[in-house]
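For reference, the chains in residue letters:
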Amino acid sequence: MMKKTILALLAVLVSLAPALAQSTTVEACRHRYNKFVEQNGYAGLGVRSVLDEWTRLDPKDQNLLIAEFNYQMAGAQTSQIVKKSESRYLGMKPMLELKDSTGAPVYYYEETFFDEEKFGLALKAAEKAIQLYPEELNFRFMKVNAYIAYEKGSPDMALAELLDLVELNYRKGQGWVYLGEDLPEDFFEGTMQDYCYSFYSLGTPSSYAAFFRLSETMLRYEPGSPIFMDNIGAYWLVAMDDVKKAEKCFKQVLKKHPGDATALSNCIVIARKTHNIKMEKKYLRMMVEHGPEDQAKSAAVRLEALKKL
């Protein structure tokens, strides 16, 4: 329903973090750490001892702060195979599909569970990094991503963190860097859209509500953005099954952006959903005229097929 523009927002590997002035001893710690992680994982054998030594040498090293967070997050997680009746769960496709004794399908998923105490340590690691480097967005994203993983289909705390970020960005004019570099002009808006998509893709009532709330908030600060207006339309169409409100949103987008493929595609979906051939032809013609080349070709084929009906 929406254009997927996901950025990789996981905690960045220590080897990619911005370099600070470091002693050869700290460099040796980093080298040993990366070697242990490559062999044994973020919380594997040997990692804790290296982190303790690294902390003694330079407790404010940004690379160390990332490593400590990754250590705590990895140690807090375990995975289990769960059985569900739904063919999609938290945005995931099943890893296995079987049938029960009645012939009904049963779906199996790999789900992550968290140790509460260890997860709390991961949050503390992220919060320490934020306190030391409040302008570094990567550390704030670490905390948001931790909440998204932990809360799953009910991302209340993740949403709260993101809304705070939006306020800092627009109302208080917080200056940001990402991995020590100044941000491209559209970086913040694009990243918030990535989080909107993350909420949307979970597919639960609570995640749809978070998707709507973040999109609505961004739209207040970026009123001309077709991306977030498309999000609002997708919410009404998919989450609420209200085609009238959805179509109204998409029409508003198309007034200013007649080639917006997301709005056009969803209007075509609405037309088919309501069995309105006249409406479908209208938006197919718009897609042919204004849409991306591949979608314009498909729309042209569909128009020809409708002429034969």
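That block above? That's the structure.
This structure is a prediction, so every number in the text was calculated from the model and none was measured. (Residues numbered from 1 in each chain as written. Predicted model: local features only at pLDDT ≥ 70, side-chain atom pairs only at ≥ 80, totals over all residues. Heavy atoms only, no water.)

**Here we look at the overall build of the chain**
Stated formally: The way it works is that DSSP assigns letters per residue, a run of H or I at least four long becomes a helix, a run of E at least two long becomes a strand, and they are numbered from the N terminus. Under the scheme applied here, a residue whose accessible area is under 20% of the maximum for its type counts as buried, over 50% as exposed, and between as partly exposed, the area being computed with a 1.4 Å probe on protein chains only. By definition in these notes, contact holds between two residues if any of their heavy atoms fall within 4.5 Å. Asp and Glu are treated as the negative residues and Lys and Arg as the positive ones, with His and the ends of the chain left uncounted. Charged groups are reduced to one reference atom each: NZ for lysine, CZ for arginine, CG for aspartic acid, CD for glutamic acid.
When you go through the chain residue by residue, the secondary structure sums to 13 helices and 5 strands. Projected onto its principal axes, the C-alpha coordinates of the chain cover approximately 75 × 60 × 30 Å. Per-residue burial for the chain yields a buried fraction of 45% across its 309 residues. A sequence separation of at least 24 residues applies to 59% of the contacts in the chain between residues at least 6 apart. Between the mean site of the 39 positive side-chain charges and the mean site of the 41 negative ones, the chain shows a separation of 8 Å.

**A closer look at the sheet that holds strand E2 (residues 96-99)**
Note the following rule: Here, strands pair whenever DSSP counts at least two bridges between them. All axes are obtained by fitting lines to C-alpha atoms, using only the stretch in contact for helices, and the reported angles, taken between N-to-C directions, cover 0 to 180 degrees.
Pairing in this open sheet of 3 strands is antiparallel, and the strands run E1-E3-E2 from one edge to the other. Looking at the sheet topology across the chains shown, the edges are occupied by strand E1 (77-84) and E2. For this sheet the average axis-to-axis angle between neighbouring strands, irrespective of direction, equals 30°. Relative to strand E3 (residues 105-114), E1 runs antiparallel, the two sharing 8 bridges. From the neighbouring strand, lysine 84 faces E3, where its bridge partner is tyrosine 107. Strands E1 and E3 of the sheet are contacted by helix H3 (residues 62-76), whose axis makes an angle of about 40° with E1.

**Quick notes on the pairing of E2**
Both E2 and E3 contribute to a ladder of 4 bridges, which runs antiparallel. Paired with leucine 98 across the two strands is valine 106, which belongs to E3. Taken together, E2 and the strand that follows it, E3, pair antiparallel across an intervening segment of 5 residues, in which glycine 103 is found at a positive phi of about 90°.

**So, the packing of aromatic side chains**
In this description, an aromatic ring pair is defined by two values, namely the gap between the centres and the angle between the planes. Spelled out, the test is: The rule is short: rings of Phe, Tyr and Trp, with Trp giving its six-membered ring, pair when the centres are within 6.5 Å, and they are stacked under 30 degrees, edge-to-face over 60, tilted in between. The criterion is that NZ of a Lys, or CZ of an Arg, lies within 6 Å of the ring centre and within 35 degrees of the ring normal, and then a charge sits over that ring.
Going through the model one piece at a time under the given rule, you end up with 18 aromatic pairs. Ring centres of tyrosine 133 and phenylalanine 139 lie 6.1 Å apart, and the angle between their planes is 45°; this geometry places the pair in the tilted category. Like phenylalanine 139, tyrosine 133 is buried. Between tyrosine 197 and tyrosine 200 the ring centres are 6.4 Å apart and the planes differ by 35°, which places this aromatic pair in the tilted class. Residue tyrosine 197 and its partner tyrosine 200 are located together in helix H7 (residues 187-202), separated by 3 residues, close to a single helical turn. There is no split in this pair, since tyrosine 197 and tyrosine 200 are both buried. Of the aromatic side chains, those joined through ring pairs into one cluster are Phe114, Phe119, Tyr147 and Tyr150. Geometry around phenylalanine 113 places lysine 152 over its ring, the cationic atom sitting 4.0 Å from the centre. If you follow lysine 245 out to its NZ or CZ, it ends over the ring of tryptophan 236, 4.3 Å from the centre.

**Regarding the packing of H7 against helix H9 (residues 226-239)**
Basically, it comes down to this: Here the angle decides the label: under 35 degrees means roughly parallel, over 145 means roughly antiparallel, 65 to 115 means roughly perpendicular, and every other value means oblique.
With their axes 11 Å apart at the nearest point, H7 and H9 run at an angle of 10° to one another. Between H7 and H9, the angle falls in the class roughly parallel. Contact with H7, carried on its side by Glu189, Met192, Gln193, Cys196 and Tyr200, involves Ile227, Phe228, Asn231, Ala234 and Val238 of H9 and no other residues of that element.

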